[in-house]
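# Inside the fold
The residues making up each chain are set out below.
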Amino acid sequence: MKRRHFMMTCKEAAQSISRTQDLRLPLSERIGLRMHLLFCASCRQYDRQVRWLHHIFSTVAAPWREARLGDEFKSRLCQQMRRYEAKAGPGEANPEGKRDATDSKSTDQ
Ligand SMILES: [Zn+2]
């Protein structure tokens, strides 16, 4: 039989704090976490930081989750990449001596 401690450890508390962001903890675990946070300033600070990060990712970053590139932008990006690869060759980072005539003529950058 697994022995239950009155207080959860900081490691257990940290795991519970992380889990609370994704799911609702069982009542006994919630109570254990509350008890731990009552007495442990370090875990209280960690809890605040995790909540803050979760808030940032779920609100501020949310609009970019559904961001999509337009078809025209994608095809232009592919053209640029192909042009760059053709110029630089495999494993070369576009050395000055290999620039060709099309380089100075390109206006769409
Ligand atoms: Zn702690």
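Refer to the preceding data block for the structure.
Residues numbered from 1 in each chain as written. Predicted model: local features only at pLDDT ≥ 70, side-chain atom pairs only at ≥ 80, totals over all residues.

## Considerations on the overall build of the protein chain
- Helix and strand content of the protein chain: six helices and zero strands.
- Each helix (α) and strand (β) of the protein chain, taken in turn from the N terminus, gives the series α-α-α-α-α-α.
- When each of the 109 residues of the protein chain is scored for burial, the buried share is 9%.
- When contacts within the protein chain are restricted to residue pairs at least 6 apart in sequence, long-range pairs at least 24 apart make up 53% of them. (Helix = DSSP H or I, 4+ residues; strand = E, 2+ residues; numbered from the N terminus. Buried ≥ 20, exposed ≤ 12 C-beta atoms within 10 Å, placed from the backbone. Contact = placed C-beta atoms within 7 Å.)

## A look at helix H1 (residues 10–20)
- Along H1, the residues classified as buried are Ala-13, Ser-16 and Ile-17. The arc that holds the buried residues of H1, viewed along the axis, is 105°, so those residues lie on one side.
- In this structure, the buried side of H1 is in contact with helix H2 (27–39) and helix H3 (41–60). (Arc of directions from axis to C-beta.)

## With respect to the packing of H1 against H3
- Close contact between H1 and H3 brings their axes to 10 Å; oriented N to C, the two are set at 20°. Judged by the inter-axis angle, H1 sits roughly parallel to H3. When you trace H1 past H3, the crossing you get is right-handed. Contacts between H1 and H3 involve Cys-10, Ala-13, Ala-14, Ile-17 and Ser-18 on the former and, on the latter, Ser-42, Cys-43, Tyr-46, Asp-47 and Val-50. (Axes fitted to C-alpha atoms, helices over the stretch in contact; angles between N-to-C directions. Parallel < 35°, antiparallel > 145°, perpendicular 65-115°, else oblique. Left-handed = near helix turned anticlockwise from the far one by under 90°.)

## A word on the nonpolar core
- Judged by nonpolar contacts, Met-8, Ala-13, Ile-17, Leu-33, Leu-37 and Cys-43 together constitute the single largest core of six residues.
- Listing elements by their share of this core, those giving two or more residues are H1 and H2. (Core = buried A, V, L, I, M, F, W, Y, C linked by C-beta atoms within 7 Å.)

## Concerning H2
- The end-to-end C-alpha distance of H2, which contains 13 residues, comes to 19 Å, matching closely the 18 Å that a straight helix rising 1.5 Å per residue would cover.
- Within H2, the full set of buried residues consists of Gly-32, Leu-33, His-36 and Leu-37. Summarising the axial view, the buried residues of H2 lie within an arc of 130°, below the 170-degree limit, and thus occupy one face. Of the residues in H2, the exposed ones pointing more than 90 degrees away from the buried face are Leu-27, Ser-28, Ile-31, Arg-34, Leu-38 and Phe-39.
- For H2, the secondary structure elements touched by its buried residues are H1 and H3. (Expected span 1.5 Å × (residues − 1).)

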